[in-house]
Amino acid sequence: MALDQIVDGLSEVSCDVLVIGGGTAGPMAALKAKLKNPKANVVLLEKANVKRSGAISMGMDGLNNAVIPGYATPEQYTKEITIANDGIVDQKAVYKYAQNCYKIIEELDSFGIRFLKNENGDYAVKKVHHIGTYVLPMPNGETVKKALYRQLRRARILISNRYMATRLLKSSDGRIAGAISVNTRTAEMLVIKAKAVILCMGAAGRLGLPTSGYMFGTYENAANSGDGYAMAYHAGAALANLECFQINPLIKDYNGPACAYVAGPFGAYTANNEGSRFIECDYWSGQMMLEFYNELLSGKGPVFLQLKHLHPDTISEIESTLHKVERPTRGLFQQGRGVDYRSESIEMHISEIGFCSGHSASGVFVDDNARTTVPGLYAAGDMASVPHNYMLGAFTNGSVAGIDAMEFADSHDFAEFDASEVVKERERVMAPTTREDGIPPNQIEYKTRRLVNDYLQPPKVTRKYELGMRRLAEVREDMQERMIARNAHELLRALEVQSIMDCADMAAHASLYREESRWGLYHWRTDFPEKDNENWFCHTLLSKQDGKMASEKRAVEPYVVPIADDEKDLYDKQRIRASA
Amino acid sequence: MPLASYQTSVPVVVDDAKCIADKGCTVCVDVCPLDVLRISDMTGKAYMAYDECWYCMPCEADCPTGAVTVNIPYLLR
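Scoring rules and cut-offs
- Residues numbered from 1 in each chain as written.
- Chains lettered and ligands numbered in written order.
- Predicted model: local features only at pLDDT ≥ 70, side-chain atom pairs only at ≥ 80, totals over all residues.
- Helix = DSSP H or I, 4+ residues; strand = E, 2+ residues; numbered from the N terminus.
- Rg over C-alpha atoms; globule rule 2.2 N^0.38 Å.
- Buried ≥ 20, exposed ≤ 12 C-beta atoms within 10 Å, placed from the backbone.
- Contact = placed C-beta atoms within 7 Å.
- Pairing = 2+ DSSP bridges.
- Axes fitted to C-alpha atoms, helices over the stretch in contact; angles between N-to-C directions.
- Core = buried A, V, L, I, M, F, W, Y, C linked by C-beta atoms within 7 Å.
- Domains from an automatic or database assignment.
- Expected span 1.5 Å × (residues − 1).
- Nonpolar A, V, L, I, M, F, W, Y, C, P; charged D, E, K, R; others polar.
- Parallel < 35°, antiparallel > 145°, perpendicular 65-115°, else oblique.
- Arc of directions from axis to C-beta.

Novice: Outline the overall build of chain A, listing residues and values.
Specialist: Across its full length, chain A carries 15 helices and 17 strands. Taking 2.2 N^0.38 as the reference for a compact globule, 580 residues should give roughly 25 Å; the C-alpha atoms of chain A span a radius of gyration of 23 Å, in line with that estimate. Its C-alpha atoms put chain A at 70 × 55 × 55 Å along the principal axes.

Pasting the structure below:
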């Protein structure tokens, strides 16, 4: 059979709980759902292969937000995350995470994932954040995916690899009914009826275009094209604070973390071209990114991660983590450029934009039970709105979602959906395969993402946004009318670019709605340069109403942990002041 | 509009002498998050069919015979 030949096919299966996305949150959600009701059917659907999918494909070098008794309290953590997000936080979900995450660490430990301990056998937690101490290194972090996979096999979770979910199905009364998916190698379609669905589909990491020009040279796993955001949107779920972009300080060109969270506790720091520090703290916040941006533009750049002042043995220890876990090709990259950390600093830059609650505060809106605004639909991990989640947040909230979704499935029967929805979706999915001539998905994607860089990257200028939206609408028309896919693999990319386009439109719409500046660089609007707590101390929720994008305000829930007035702006004081 | 093919040097290289795809192995093809590797009908060996690489390493790390090498894509090298 020819490479990725398209096969005509449509079948239907059913399960109690459907988990979409097998990266970090997904496997944990599936596992917890199954353990909650071992008789139920749990399906884990994955666009790639669960063995190596998601942000932690090659493992992770540490937990960035571990709330460990003796080092930090759930109250302290909740306070820090609230301040780091300019106060726009529903604390209940953050507090619940902070209370539950230690249990999850112990559970991961029991799976065989080891964390750094000191000579007394206690977890050796490091300080990276502005205020508290939450970073726990993982010396054998490369084993995470294998350990998870063992648990999934043991619990007999049904895994379907190489199926890309494209749209959710709902009943006429608005309850979730399942999902439609397509095989990425044959284009055969599969409808999965489910009583509850959990979206764990990762960040929108292929939104902006990396400055290298290589479309897949992204910070996030490049498979994370924002499909979860698009699906939630089309299902009518609300998405929160999408204007709070993800922008990261990364190794220039390589576009991966340098990584200050690993090297910082050993004494590494971010410095300008004069070798001076200019930020108080290397924790990724919008305020820190704004100082980074200002330094690059001030003529004092380039900006570097500086390690060369450290003892060679310390550098070797840092290298043994950086070049083995998370993004192991960092070593190969530096070697190719002749950079030795002992004699040369690591050149850094600012990444393209994306959506990711892992490091910011945007995402499909969820409450403290991981429930979206659609009954029976859940979301967890990088695509859900709990802020500064990182890997441990994905595990912890995935666990919450799995348990709650199974409870929902146990008390509900299958919801009925309209069969014409499947017919309609099949037409949309297959449309690029029906054309003889047209534009290939890679060109549609390049142009879309180049426009995202040109018009949507902060500083956000209203006039630029309006022009950008016009240009994007032109490309959308090409995408809908003229895009061609000649095989199943191209069809996968053609579907992904439709998610990317939806995310670009949502990024623009959400940014224009919030008429103030907030979260440092993430939402810096030149036409509204000040923070406006009087009118904008609120979430923004974007949703599809009557087929169109609409935004509304939502009040911040009353705090569980109060923040004193003199603590509120601690993250605004990132720049190191010249001392007398 | 007619299409033209576009030349690109691919980052993932497979050593045909070591690759055992012709014996039924599909490990590298299975684990790739971007699904860019395939087995050649002509040689029976694995190769990079699509230049859409995240230079993430599972193909190299999981290959049972050490046949796969991941290089940094040229544009960002």
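That covers the picture; the talk isn't over yet.
Novice: Residues and numbers for the overall build of chain B, please.
Specialist: The helix and strand tally for chain B stands at two helices and four strands. Counting from the amino terminus, chain B carries its helices and strands in the arrangement β-α-β-β-α-β. At 13 Å, chain B has a C-alpha radius of gyration in line with the 11 Å of a compact globule built from 77 residues. Looking at the 77 residues of chain B, the share that counts as buried comes to 48%. Put simply, 55% of the contacts in chain B that link residues at least 6 apart link residues at least 24 apart.

Novice: So what's going on with the sheet that holds strand S16 (residues 538–545) of chain A? Residues and values would help.
Specialist: Residues and elements named next belong to chain A. Strands sit in the order S14-S9-S16-S17 across an open sheet of four strands; the sheet is antiparallel. Each end of this open sheet is capped by a strand with a single partner; those strands are strand S14 (363–364) and strand S17 (548–555). Pairing of strand S9 (residues 239–240) with S16 involves two bridges; the strand directions are antiparallel. For alanine 240, the partnering residue across the bridge sits in S16 and is leucine 541. Against the sheet, helix H14 (residues 488–513) makes contact with S9, S16 and S17, and its axis sits at roughly 45° relative to S17, the strand it touches most.

Novice: Before we move on, could you go through the nonpolar core and cite the residues and values that matter?
Specialist: Residue and element names in this part refer to chain A. Counting 221 residues, the largest nonpolar core has Val17, Val19, Ile198, Leu199 and Leu239 as its most contacted members. It is H14 that contributes the most residues to this core, 14 residues altogether. Two domains each donate at least three residues to this core, and these are domain 1 (249–350) and domain 2 (428–553). If we skip the residues at most four places from it in the chain, valine 17 touches Ala33, Ala40, Val42, Ala194, Lys195, Ala196, Ile198, Ala405, Met406 and Ala409.

Novice: Provide a residue-level description of helix H10 (residues 390–410) of chain A, including the pertinent values.
Specialist: With 21 residues, H10(A) should cover 30 Å at 1.5 Å per step; its first-to-last C-alpha distance of 30 Å lies within 8% of that length. Buried residues dominate H10(A), accounting for 18 of its 21 residues.

Novice: Just give me the short version of the sheet that holds strand S11 (residues 269–271) of chain A, but keep the residues and values in it.
Specialist: Residue and element names in this part refer to chain A. Pairing in this open sheet of four strands is antiparallel, and the strands run S10-S13-S12-S11 from one edge to the other. In this open sheet, the two strands that pair with only one neighbour each are strand S10 (249–251) and S11. Adjacent strand axes in the sheet meet at a mean angle of 40° when their direction is disregarded. Sheet analysis places strand S12 (residues 303–306) next to strand S13 (residues 346–350), joined by three bridges and oriented antiparallel. The residue of S13 that forms the bridge with phenylalanine 304 is glutamate 347. Most of the contacts of helix H7 (residues 286–297) go to S13, to which it runs at about 110°, and overall it touches S10, S12 and S13.

Novice: Requested: an account of unusual backbone geometry, with residues and values cited.
Specialist: Comment: phi is negative for the bulk of residues other than glycine, and the bulk of peptide bonds are trans. Residues and elements named next belong to chain A. A cis geometry characterises the amide bond from alanine 258 onward to cysteine 259, with omega recorded as 20°. Mapped onto the elements of the fold, cysteine 259 is located in the loop between S10 and helix H6 (260–263). At histidine 388, a residue that is not glycine, the phi angle is positive and equals roughly 50°. Looking at the element boundaries, histidine 388 is found in the loop between strand S15 (377–379) and H10. Phi at aspartate 546 takes a positive value of approximately 50°, unusual for a residue other than glycine. With respect to the element layout, aspartate 546 can be found in the loop between S16 and S17.

Novice: Before we move on, could you go through the domain arrangement of chain A and cite the residues and values that matter?
Specialist: All names here are of chain A. In terms of domains, chain A is made up of domain 1 (249–350) and domain 2 (428–553). Computed from C-alpha atoms alone, the centre-to-centre distance between domain 1 and domain 2 is 31 Å. Contacts between domain 1 and domain 2 engage seven residues on the former and five residues on the latter. Its residues assigned to classes, the side of domain 1 that touches domain 2 comprises four nonpolar, three polar and no charged.

Novice: Help me get a handle on the packing of helix H3 (residues 91–110) of chain A against H10(A), residues and values and all.
Specialist: Residue and element names in this part refer to chain A. The contact between H3 and H10 brings their axes to 9 Å, and the two run at 100°. When the axes of H3 and H10 are compared, the pair comes out roughly perpendicular. Taking contact as the criterion, the partners of Tyr97, Asn100, Cys101, Ile104 and Leu108 in H3 are, on H10, Leu392, Gly393, Phe395, Thr396, Asn397 and Ser399. Along the lines of polarity and charge, the residues of the contact of H3 with H10 split into six nonpolar, five polar and no charged.

Novice: Before we move on, can you summarise the environment of A:Thr526 with the specific residues and values?
Specialist: All names here are of chain A. Looking at the element boundaries, threonine 526 is found in the loop between H14 and helix H15 (533–536). Residue threonine 526 is classed as partly exposed on the basis of its C-beta count, with 13 C-beta atoms lying within 10 Å. Each C-alpha atom of the pair threonine 526 and proline 459 lies 6.4 Å from the other, and the pair is 67 residues apart in sequence.

Novice: Before we move on, could you go through helix H9 (residues 329–336) of chain A and cite the residues and values that matter?
Specialist: Because an α-helix packs 3.6 residues into every turn, residues spaced three or four apart end up facing the same way. Every buried residue of H9(A) is accounted for by A:Thr329, A:Arg330, A:Phe333 and A:Gln334. Looking straight down H9(A), one finds its buried side chains confined to an arc of 145°; they lie on one side. Buried residues in H9(A) make contact with S10 and helix H8 (312–322) of chain A together with strand S4 (68–70) of chain B. Two residues or fewer past H9(A), A:Gly338 is found with a positive phi of approximately 70°.

Novice: I'd like a rundown of the pairing of S16(A), residues and numbers included.
Specialist: The two faces of the sheet receive side chains in turn, since in a regular strand these alternate between them. Where S16(A) and S17(A) come together, eight bridges link them in antiparallel fashion. Looking at the pairing, A:Thr540 lines up with A:Lys553 of S17(A).

Novice: Requested: an account of the pairing of strand S2 (residues 42–45) of chain A, with residues and values cited.
Specialist: Residues and elements named next belong to chain A. Judged by which residues are buried, S2 turns out to be covered on both faces: Val42 and Leu44 on one side and Val43 and Leu45 on the other are all buried. Across four bridges, strand S1 (residues 10–20) lies against S2 in parallel orientation. Bridging across to S2, isoleucine 20 finds its partner in leucine 45. Of the strand pairs in this sheet, S2 and strand S5 (residues 158–160) are connected by three bridges, and their pairing is parallel. By the bridge assignment for S5, leucine 45 is matched with serine 160.

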